[in-house]
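The lines below spell out each chain.
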Amino acid sequence: MTDDIQELIDRLPALGDAVLVTLEMTLGGALLAIVIAVVLGFGSRTQSLWVRGPSRVIVEFFRGTSLVVQLFWLFYVLPVFGFKMEALAVAIVALGLNYGAYASEVVRGSIASVPQGQWEAATALNMTWFHKVRRVIFPQAWALMIPMLANLLIQLVKGSALAYYITLQDVNFWTVELRRATADTFFSYTAGLIVYFIIAYLLTWGMNILEERAKRRLGRGTRPTLRETFSLKPPTNPRLANTQMPAGGGAA
Amino acid sequence: MNDDSIWDWERAWEVLPDLLAGLWVTIQITVLGMIIASVLGLFIALAMRTPSKWLTTPLKFLVDFIRMTPVLVQLVFVYLLLTAVPGYVVGFVVLGVHYATYMSEVYRAGIEAVPKGQWEAATALNMSKGRTWRAVILPQAIRNTLPGLGNYAISMFKETPFLFAISVTEMYKAGQDYGANTFSYIEALTMVGLLFLAVSYPTSLLVRRMEIRLA
Amino acid sequence: MTNTSGDVPAIEFRDVTKRFGDNVVLDGLNFSVPQGQRITLIGPSGSGKTTILRLLMTLEELSGGLILIDGDPYTHEYKGEKWVAVPEKRRRVVRNRVGMVFQQFNLFPNMTVLENIIESPVHVLGKSKAEAIADAERLLEKVGMSEKRDFNTNQLSGGQQQRVAIARALAMDPEILLLDEVTSALDPEIVADVLDVLREIAETTDITMLLVTHEMQFAREVSDRVLMFDKGQIVEEADPETMFTNPSHERTKEFLKAVLGG
């Protein structure tokens, strides 16, 4: 056991690098996902069939085919067509597309939850479509979205463990290496899972703060208790629970 | 065979039986995993309602820990730890336990959605606590949880490919093996993706209909 | 393009048709409102009054006909024989002259009272922020809401929200103000406050007003003309005195009897 701990301490610098890779995938994937989610989320609710049709098809396609398949397809098959991406880029694109499709349902549902009267009042004040969305609709929808997006973010971190199998040296890789060095499965995997847990916990905490800020801007802010800020709460908005989500994403 | 074309129908035809055999394994694991998730999830939800902090605090931590760490790493962990247990069994048990942590939330919400008046009516009829749960609360709560169960079954189905990491030949692994042997992944992996879509999309439509009917 | 000389009506409906699916709400409606007039639309629910306001605010699309504002085509126009929608860019030029107050207030909850009022003057009309704030403060004074300037909208009562909504509409300096059942969602004891504000606006400005209301006493005081609607048609048109004391049409008599309980 003391040998194990010595080994772990020796590998702390490597852990830093590994966490960095996992975070790069997480943040890169999340950024791509949110862009995709906003585009497809709005696309899915336009009047025009030429925009809505393709948006729906893309969303259903990336939700319906598994993340694992998407990632390895990009890794193994895309080069056949002459697109050779770095492994990190493959991971970010796969995570971004998959979770972006799920998040687009969150965006769509949240936008739909903003009362129609808000759009109408904005029209009566002669705002452009973009102005309405940016200043009136999105700030209100955003507060609804955050808890569900927080859940998806955790799913995304968990999904990123897959990247080890396309040669990335992430936290999963670090765990495998630690096991190789210590020959102690229980110790090394417990350590690896704890690292993932801490990452997920800190991200959840950050998202709780974002949510609180968004709510305060809607004038619904209550100062959260310390326990609320640090709690890992599942999504609780019943109106949005109906949108099908990946694991942990809001069937509750 | 036409060497110029990227997609080869002959290969696609050749790999299809392997994929369908893999699909069957995938479905078995999803069903077994969801049975564990539904039963264990209910027990977790009920245990969390006990007033004993000595039980709920560690349990909540354990549930959060399982829920917030990658199921892929959990699968490999258990597989390496319990070398005597076949990957197939490790697969559906670990997926089942992982999803039990989600299902416990579904049950919690389902139980909380039962109106308070139902408890009060049961008290007024002098029902025992156990009888109240079995005859009044759970039948209503479980009805509320069906869409959640359906959604999680679909997402578990799409996560069974993680089992490639513990050498279980489900559908994805079947496709990957074929690709590795022939150095051509395009037909196998594309068809695996489409088969996932072909099962999960119609199922998700069914679940959505159920949600609307139960809402 | 604006033509405010007396003989061009502020609003003109020409053969306006509006269908929702198979349901014909307005069928070839014609009427016009001279500059500065206050018109009240009355009639049973489903008679198309609210639809007229919503068409004027482009919240609904026409099924046929034309709406002209100061003689300018607003939502649709004829290009030769073809009836075509006016592009959004040109609609926005005309829409600046029209303001609306809603039954449900529809204040933006993500903005304070002041922010609600200055948002469009700054970002749509291009006023400087200082100017917009000065205007907003003057308007808040007028509607009696000065102390609530920096409040969140959900800290206000319904009546207060509606007064802010009126100030917000006026901040756009509209030539035409549409008031859609603005007191229907309010508690009875608050209705009078909001009506007082509107009465003052009617007395101190020359804004053209189109009201849909169930407050017959108020309608009688402020309107120049009352239009009685039934099934998407104007069945009677008169000055308020005549309309409320001596209506000629049978439908009007029935309707007024029902709402006035007399």
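So, how was this worked out
Residues numbered from 1 in each chain as written. Chains lettered and ligands numbered in written order. Predicted model: local features only at pLDDT ≥ 70, side-chain atom pairs only at ≥ 80, totals over all residues. UniProt positions renumbered as here; feature names shortened; annotations may be inferred. Helix = DSSP H or I, 4+ residues; strand = E, 2+ residues; numbered from the N terminus. Buried ≥ 20, exposed ≤ 12 C-beta atoms within 10 Å, placed from the backbone. Contact = placed C-beta atoms within 7 Å. Nonpolar A, V, L, I, M, F, W, Y, C, P; charged D, E, K, R; others polar. pLDDT = per-residue confidence, 0-100. Pairing = 2+ DSSP bridges. Axes fitted to C-alpha atoms, helices over the stretch in contact; angles between N-to-C directions. Parallel < 35°, antiparallel > 145°, perpendicular 65-115°, else oblique. Left-handed = near helix turned anticlockwise from the far one by under 90°. Core = buried A, V, L, I, M, F, W, Y, C linked by C-beta atoms within 7 Å.

- An unreviewed UniProt entry annotates chain A as Ectoine/hydroxyectoine ABC transporter permease subunit EhuC of Isoptericola chiayiensis.
- In its Sequence similarities (unreviewed entry) section, the UniProt record describing chain A reads: "Belongs to the binding-protein-dependent transport system permease family."
- The record held by UniProt for chain A lists under Subcellular location (unreviewed entry) the comment "Cell membrane".

1. Thoughts on the overall build of chain A
Right, on to step 1. Counting its secondary structure elements, chain A contains ten helices and zero strands.
Right, on to step 2. Along the chain direction, N to C, the helices and strands of chain A fall in the order α-α-α-α-α-α-α-α-α-α.
Right, on to step 3. The buried share of chain A, reckoned over its 252 residues, is 51%.
Right, on to step 4. Of all intrachain contacts in chain A linking residues separated by at least 6 positions in sequence, the fraction that spans at least 24 positions is 75%.

2. Describing the interface of chain A and chain B
Right, on to step 1. Taken together, the contact between chain A and chain B spans 37 residues of the former and 44 residues of the latter.
Right, on to step 2. Residue assignment for the side of chain A that touches chain B shows that the elements contributing at least two residues are α3 (49-64), α4 (67-77), α7 (129-159), α8 (171-182) and α9 (185-217) of chain A.
Right, on to step 3. Across the side of chain A that touches chain B, the residue classes tally to 25 nonpolar, ten polar and two charged.

3. Details of the confidence of the model for chain C
Right, on to step 1. In this model, chain C carries an average pLDDT of 92, and 97% of its residues clear a pLDDT of 70 or more.
Right, on to step 2. Predicted as a complex, the structure gets a pTM of 0.86 and an ipTM equal to 0.91.

4. Some words on the interface of chain A and chain C
Right, on to step 1. Between chain A and chain C, the residue contacts involve 17 residues of the former and 23 residues of the latter.
Right, on to step 2. Within the residue set of the side of chain A that touches chain C, elements represented by two or more residues are α6 (116-124) and α7 of chain A.
Right, on to step 3. Counting residues per element, the side of chain A that touches chain C draws most heavily on α6(A), which supplies six residues.
Right, on to step 4. Along the lines of polarity and charge, the residues of the side of chain A that touches chain C split into seven nonpolar, seven polar and three charged.

5. A word on α6(A)
Right, on to step 1. Along α6(A), the residues classified as buried are A:Gln118, A:Glu120, A:Ala121, A:Ala122 and A:Ala124.
Right, on to step 2. Here the buried face of α6(A) lies against α7 of chain A together with β8 (98-101) of chain C.

6. Overview of unusual backbone geometry
Residues and elements named next belong to chain C.
Right, on to step 1. In this structure, Asn 106 takes a positive phi of about 55 degrees despite not being glycine.
Right, on to step 2. Relative to the assigned elements, Asn 106 resides in the loop between β8 and α3 (113-123).
Right, on to step 3. When the 25 C-beta atoms within 10 Å are taken as the criterion, Asn 106 is described as buried.
Right, on to step 4. The backbone of Lys 231 shows a phi angle near 50 degrees, a positive value even though the residue is not glycine.

7. Side note on the environment of A:Leu193
Right, on to step 1. Structurally, A:Leu193 is set in helix α9.
Right, on to step 2. A residue is classified by how many C-beta atoms lie within 10 Å of it, and A:Leu193, with 20 of them, is buried.
Right, on to step 3. Distance in space between the C-alpha atoms of A:Leu193 and A:Asn172 is 8.7 Å, their sequence separation being 21 residues.
Right, on to step 4. Ignoring sequence-local partners within four residues, the contact set of A:Leu193 consists of B:Thr69 and B:Val73.

8. A word on the pairing of strand β2 (residues 23-33) of chain C
Residues and elements named next belong to chain C.
Right, on to step 1. One ladder, built from seven bridges, connects strand β1 (residues 11-20) with β2; its direction is antiparallel. Bridge pairing links Phe 13 to Phe 31 in β2.
Right, on to step 2. The hairpin formed by β1 and β2 contains two residues between the paired strands, and Gly 21 there has a positive phi angle of roughly 65 degrees.

9. Some points on the packing of α4(A) against helix α8 (residues 186-214) of chain B
The relative placement of two packed helices is expressed as an angle between their axes plus a distance between the axes.
Right, on to step 1. Packing of α4(A) against α8(B) leaves a shortest axis separation of 10 Å and a crossing angle of 160 degrees. Classified by the interaxial angle, the pair formed by α4(A) and α8(B) is roughly antiparallel. Here the hand of the crossing between α4(A) and α8(B) comes out left-handed. Where α4(A) approaches α8(B), its residues A:Val69, A:Phe72, A:Trp73, A:Tyr76 and A:Val77 are matched on the opposing element by B:Ile186, B:Leu189, B:Thr190, B:Val192, B:Gly193 and B:Phe196.
Right, on to step 2. Looking at side-chain class alone, the contact of α4(A) with α8(B) contains nine nonpolar, two polar and no charged residues.

10. Focus on the sheet that holds strand β9 (residues 176-180) of chain C
All names here are of chain C.
Right, on to step 1. Across the sheet, which stays open at both edges, the six strands sit in the order β8-β9-β10-β3-β11-β12 with mixed pairing between neighbours. What marks the edges here is a single partner per strand, and that holds for β8 and β12 (233-238). Looking at each pair of strands side by side, their axes are set apart by 20 degrees on average, direction ignored.
Right, on to step 2. Sheet analysis places strand β3 (residues 38-42) next to strand β11 (residues 225-230), joined by four bridges and oriented parallel. Bridge pairing links Ile 42 to Met 228 in β11.
Right, on to step 3. Against the sheet, helix α5 (residues 158-170) engages β8 and β9, with an angle of about 175 degrees to β8.

11. Section: the nonpolar core
Right, on to step 1. In this structure, A:Leu71, A:Ala103, B:Leu75, B:Val192, C:Ala167 and C:Leu178 are the most contacted members of the largest nonpolar core, which totals 198 residues.
Right, on to step 2. Top element by residues in this core is α7(A). It accounts for 16 residues.

12. Re the pairing of strand β6 (residues 76-79) of chain C
Residues and elements named next belong to chain C.
Right, on to step 1. When β6 meets strand β7 (residues 82-85), the two strands line up antiparallel, connected through four bridges. In the strand pairing of β7, Lys 79 is matched with Lys 82.
Right, on to step 2. Hairpin remark: β6 followed by β7, antiparallel, with two residues in the connecting loop; positive phi at Gly 80, about 65 degrees.

13. Things to note about the sheet that holds β1(C)
Residue and element names in this part refer to chain C.
Right, on to step 1. An order of β2-β1-β4-β5 is seen for the four strands of this open sheet, with the pairing classed as antiparallel. Of all strands in the sheet, those bounded by a partner on one side alone are β2 and β5 (72-73).
Right, on to step 2. Here five bridges tie β1 to strand β4 (residues 64-69), and the two strands are oriented antiparallel to one another. Paired with Ile 11 across the bridge in β4 is Ile 69.
Right, on to step 3. In the packing of helix α1 (residues 49-56) onto the sheet, the strands contacted are β1, β2 and β4, and the crossing angle to β1 comes to about 110 degrees.

14. Some points on the UniProt feature "transmembrane region" (unreviewed entry) in chain A
Residue and element names in this part refer to chain A.
Right, on to step 1. Per the UniProt record, "transmembrane region" (unreviewed entry) is found at residues 18-40, 141-166 and 186-210.
Right, on to step 2. Along residues 18-40 one finds 100% helix and 0% strand; the C-alpha atoms at either end are 32 Å apart.
Right, on to step 3. Helix and strand shares over residues 186-210 are 100% and 0% respectively, and the end C-alpha atoms of the span are 36 Å apart.

15. What to know about the arrangement of the chains
Right, on to step 1. Ranking by contact count across two pairs of chains in contact places chains A and B at the top.
Right, on to step 2. In this assembly chain B lies apart from chain C, the nearest approach of their C-alpha atoms being 25 Å.

16. Description of the UniProt feature "domain: ABC transmembrane type-1" (unreviewed entry) in chain A
Right, on to step 1. Here, UniProt's "domain: ABC transmembrane type-1" (unreviewed entry) annotation points to residues 19-207 of chain A.
Right, on to step 2. This span, residues 19-207 of chain A, is 81% helix and 0% strand, and a straight line between its end C-alpha atoms measures 19 Å.

17. Section: the packing of helix α5 (residues 116-124) of chain B against helix α6 (residues 129-159) of chain B
Residue and element names in this part refer to chain B.
Right, on to step 1. The geometry of α5 relative to α6 is characterised by a closest axis approach of 11 Å and an angle of 165 degrees between their N-to-C directions. Our classification of the angle between α5 and α6 gives roughly antiparallel. α5 and α6 meet at a crossing whose hand is right-handed. Residues Gln 118, Trp 119 and Ala 122 of α5 lie in contact with α6, whose contacting residues are Thr 132, Val 136, Ile 137 and Gln 140.
Right, on to step 2. Across the contact of α5 with α6, the residue classes break down as four nonpolar, three polar and no charged.

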